[in-house]
Amino acid sequence: MEKDKIKAMGLKKAALEYHERGRRGKIEVISSKPCVSQLDLSLAYTPGVAQPCLEIFENPAMARRYTAKGNLVAVVSNGTAVLGLGDIGALAGKPVMEGKGVLFKRFADIDVFDLELDTHDPDVIIQTVKALEPTFGGINLEDIKAPECFYIEEKLKEMMEIPVFHDDQHGTAIISGAALLNAVEIAGKKLGEVKVVFSGAGAAGIACANFWVSLGVNPDNILMTDSKSVLWKGRGDEGKNKYKDKYFRDTPTRTLADAVRGADVFCGLSQKDLLTKEMVRTMNDKPIIFAMANPDPEISYPDARDARPDAIVATGRSDYPNQVNNVLGFPFIFRGALDVEATAINEEMKMAAAMALANLAKEEVPESVKRAYDDPNLAFGPNYIIPKPFDQRVLVWSASAVAEAAMKSGVAKNPVNLEEYRETLRGKSDWTREIMREIFLRAKRDPKRIVFPEGNDPKVIWAASEIAREGIAKPILLGRSKQEILDLFEELHHQPEGIEIIEPKNFPGRNAYIEAYYAQNQRKGVYRQRAEMDLRNYLYFGAMMVRQGDADGMVAGVSMGFHEVLEPARKVIGPRKKGGLVAGMYILLHEHQLYFLMDCSVNINPTAEQLAQIALLGANEAEEMGLIPQIAMLSFSTFGTVMSPESEKVARAVELVRQQRPNLMIDGPLQADFALDMDLLQERFPFTELRSRPNLLVFPTLDAGNISLRLLRLLGKAHTIGPVMVGLAKPIQILPIGSEVGQIMNVTALACVDAQKLAKRKGEPSMEGLLV
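The notes below deal with the structure included here. (Residues numbered from 1 in each chain as written. Predicted model: local features only at pLDDT ≥ 70, side-chain atom pairs only at ≥ 80, totals over all residues. Heavy atoms only, no water.)

**Quick word on the overall build of the protein**
Scanning the protein from terminus to terminus reveals 31 helices and 20 strands. Along the first, second and third principal axes, the C-alpha atoms of the protein reach 95 × 70 × 45 Å. Here the protein holds 772 residues, and 53% of them are scored as buried. Contacts spanning at least 24 positions in sequence make up 71% of the contacts within the protein whose residues lie at least 6 apart. The distance from the centre of the 93 positive side-chain charges to the centre of the 102 negative ones in the protein is 4 Å. (Helix = DSSP H or I, 4+ residues; strand = E, 2+ residues; numbered from the N terminus. Buried < 20%, exposed > 50% of the residue type's maximum accessible area, 1.4 Å probe, protein only. Contact = heavy atoms within 4.5 Å. Lys, Arg positive; Asp, Glu negative; His and termini not counted. Charge placed at Lys NZ, Arg CZ, Asp CG, Glu CD.)

Below is the structure:
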């Protein structure tokens, strides 16, 4: 219990810091057009803005051409039914609505304004949302309690010419409906014959029941329970909720336990621990159990399977198979609806979304999805009845199915060619975002021992606790006093389980480290006393742990400068190959594009030969991450437009790379704007060997690379991971000073994966003779 309390406190701290750090909250508005000159300003605002206004005045349909309306959804809530928190009010619900906006953008590239309305009056909500129709392409109603939510959606759908969708009702219904179709098939049952019990008669429960009936479930075979009992005729509250009335039954059954006896399907949308093992044991053969209470299910997945090993079980949780998650629904449903300018999201579109998900689950699962979920056996069956949320195919399958249904049912104002539309959707799939996710999963398959010399740093302690808890690596913390570090864990409300703490001064192998370090460097100006002094520095000590095999990698730099860490790494570990070099690589994500930047951190003014080595090191790293490297060698000159020793150096480096790896896609020297604008590059220089936008950019000097990186981070709002050290004989990763916990975890995962690769590498030269 104490561990659970500490874990909860750690989660609270992490969640609050996540929402607070940097720009407050989770969303911002970014201009999609330049606004840096007087001309830009005159076009963005007066007088130029009058022109699209007049076009829209003449033809309102032009709003989708000249404004963001067609890709903008309102997430509307009054905070009366927020997750499992209940009626916490509009303002307190705002973090959830911002989070919903993040999911819309992340999964379907849809922009969102969240609108929190401080009212309990459904008619006020209706009037407000109706008045905002000119602004939005669609309305997502969220976390509004029943029965008001039914009335609000009903009225808005009647009044508005844009899609209105209450996700708490229909999202859960669609995803669970897809799961039901496949579960019934796997269990060998018939949809029209199964006996279904619903636990929960709120918005989601009633919507699921309605949708399941439309899929083919016989309404006479449904029993629904609420917080009082089974909905039975004569209970006394019939007629008070017209949406609930249709599920009152003439039955002697009163309790949930009685209702599930002999049932084929349990659908839980109520609260945790309502369904017991004993109840599950009374269900029919091969029972289907959807325990979807949030955040804790009516029965846990392990308990349900323990009670009935033949059961097909789904929950809302991501840590077990068959997660029924609304994120499989609303982003893609709105994507399809917006793209054909649908005037509504009707039953045909909802049905199409459910069928698309059900059918996709039967397709062969791509290796990338299996790797992402660390399950090589992922395939249609009892443990895989619906696709995974991070399966990139969902966007294509679901959005195109919704768009097709909208066109066929007559609500699409802008029909599309479906094949062309599917290609457009594939272009929106952001495969690169999953790279770090895959790195984390690879790290977890074989966690390595990673030493942290800054063992007393609060951020390192927090990160180490999370790393150990998630199984990313086996952290080793160095510090003056083990008890001091343990006290810090307690003070900071983090758990030290799975973490080794070492006091270097008392470490049994300390003298052996000193002797090995002295032998390695005695002809490089290091005398015996100096060796002892150097090993008092935890950076040197940690590097020696890696060199001697007592740790598999090292991560440092939270509280010290880059070169303070680099020097011990070079001195103790050295480059992988004799005469080779060490370089720094940054992974940069900008506007859904992933780039590798080399060398922004280590080599000050590399020669042509060194530039070639840097490019090859970068290409190897990109390939290790499953990408095909497209390399641009950057310069202030493009293909000799300005001849100078600097540009000739870059041209020579290109030739050296081609000699060593003729099949690599590489070109240069290139100016940065030409490198990143393929249309411009191929128009002006049609002879270029690059055929797609480069993903690996090699800078000619440290000046150019480091300045560009910092400008991109601050002005271009690019997200970076790194520097990732490449070329070292063993994994040493250097953190930017002041790194946050998430950055420490990212870099640790990279170090762990590097250690795994080193362990598998065969024929690697010994450490001796490789050190500089």
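**A few points about a nonpolar patch on the surface**
A cluster of nonpolar side chains, Ile707, Leu711, Leu714 and Leu715, forms an exposed patch at the surface whose accessible area comes to about 460 Å². The residue Ile707 is located in helix 30 (residues 702-715) in this model. (Patch = residues over 30% accessible without salt bridge, like charges linked within 9 Å, V, L, I, M, F, W, Y side chains within 5 Å. Areas by Shrake-Rupley, 256 points an atom, 1.4 Å probe, with all protein chains shown as cover. Salt bridge = Lys/Arg side-chain N within 4 Å of Asp/Glu carboxyl O.)

**Some details on the pattern of salt bridges**
For side chains of opposite charge, pairing can occur when their charged atoms come near one another. In this structure the tally under the stated criterion is 47 salt bridges. A salt bridge links Asp319 to Arg317, with the nearest nitrogen and oxygen atoms 2.8 Å apart. Among the ionic pairs, Arg480 bridges to Glu484, the shortest N-O distance being 2.8 Å. According to the relative accessible area criterion, Arg480 is exposed, its value standing at 52%. We classify Glu484 as partly exposed; its relative accessible area is 31%. Salt bridges here are not isolated pairs; linked through shared partners, they connect Asp226, Lys228, Arg235, Asp237 and Lys244.

**Let's talk about the environment of Lys190**
Locating Lys190 in the fold gives a position in the loop between helix 8 (167-187) and strand 5 (196-199). Along the chain, Lys190 and Gly381 lie 191 residues apart, while their C-alpha atoms are 17 Å from each other.

**Notes on helix 20 (residues 458-470)**
For helix 20, spanning 13 residues, the distance from its first C-alpha to its last is 18 Å, which sits close to the expected 18 Å at 1.5 Å a residue. Residues Val460, Ile461, Trp462, Ala463, Ala464, Ser465, Glu466, Ile467 and Ala468 constitute the buried set of helix 20. (Expected span 1.5 Å × (residues − 1).)

**Focus on the state of the cysteines**
A complete count under the given rule lists zero disulfides for this structure. In this structure Cys53 is a free cysteine whose sulfur lies 16 Å from that of Cys35, the closest cysteine sulfur available. Considering cysteine sulfurs only, Cys267 is the nearest to Cys208, which forms no disulfide, with 4.8 Å between them. (Disulfide = S-S within 2.5 Å.)

**Looking at the sheet that holds strand 2 (residues 111-116)**
Spatially, four strands are ordered 2-1-3-4 in an open sheet, and the strand pairing comes out parallel. Of all strands in the sheet, those with a lone pairing partner are strand 2 and strand 4 (164-166), marking the two edges. On average, each strand axis in the sheet is inclined to that of its neighbour by 20°, with strand direction left out of account. Where strand 1 (residues 72-77) lies against strand 3 (residues 138-141), four bridges are found, and the strand directions are parallel. Within strand 3, the position partnered with Val75 by the bridge is Asn140. (Pairing = 2+ DSSP bridges. Axes fitted to C-alpha atoms, helices over the stretch in contact; angles between N-to-C directions.)

**Topic: the sheet that holds strand 5**
The pairing of strands in a sheet happens through backbone hydrogen bonds and is either parallel or antiparallel. With respect to topology, five strands assemble into an open sheet ordered 6-5-7-8-9, the strand pairing being parallel. Either end of the sheet is taken by a strand with one partner, and the two such strands are strand 6 (222-225) and strand 9 (312-315). Mean inter-strand twist for the sheet, computed between neighbouring axes without regard to direction, equals 10°. Contacting strand 7 (265-268), strand 8 (288-291) and strand 9, helix 8 runs over the sheet at an angle of about 160° to strand 8.

**Topic: the pairing of strand 3**
Both faces of strand 3 are covered, namely the face carrying Gly138 and Asn140 and the face carrying Ile139 and Leu141. Pairing of strand 3 with strand 4, which is carried by three bridges, proceeds in the parallel orientation. The residue bridging Asn140 from the neighbouring strand is Phe165, located in strand 4. The β-α-β motif built from strand 3, the intervening helix 7 (residues 148-159) and the parallel element strand 4 has right-handed crossover chirality. (Right-handed = clockwise from strand over helix to strand, strands pointing away.)

**So, unusual backbone geometry**
Cis rather than trans, the peptide bond between Thr46 and Pro47 has omega equal to 5°. Here the amide bond leading from Ala146 into Pro147 is cis, since omega sits at 5°, within 30 degrees of zero. Residue position: Pro147 is located in the loop between strand 3 and helix 7. You will see that Asp109, though not glycine, has its phi angle at about 55°, which is positive. Its location among the elements puts Asp109 in the loop between helix 5 (94-108) and strand 2. For Asp109, a relative accessible area of 22% corresponds to the partly exposed category.

**Notes on the packing of helix 14 (residues 330-339) against helix 17 (residues 393-408)**
Two numbers describe how helix 14 lies on helix 17: the axes approach to 7 Å, and their chain directions differ by 50°. Classified by the angle their axes make, helix 14 and helix 17 are oblique. Considering the relative orientation of helix 14 and helix 17, their crossing is right-handed. Listed contacts from helix 17 to Phe332, Ile333, Arg335, Gly336 and Ala337 of helix 14 are Val394, Leu395, Ser398, Ala399, Val402 and Ala403. In the contact of helix 14 with helix 17, the residues fall into eight nonpolar, two polar and one charged. (Parallel < 35°, antiparallel > 145°, perpendicular 65-115°, else oblique. Left-handed = near helix turned anticlockwise from the far one by under 90°. Nonpolar A, V, L, I, M, F, W, Y, C, P; charged D, E, K, R; others polar.)

Purely geometric stuff here, so don't read any function into it on its own.
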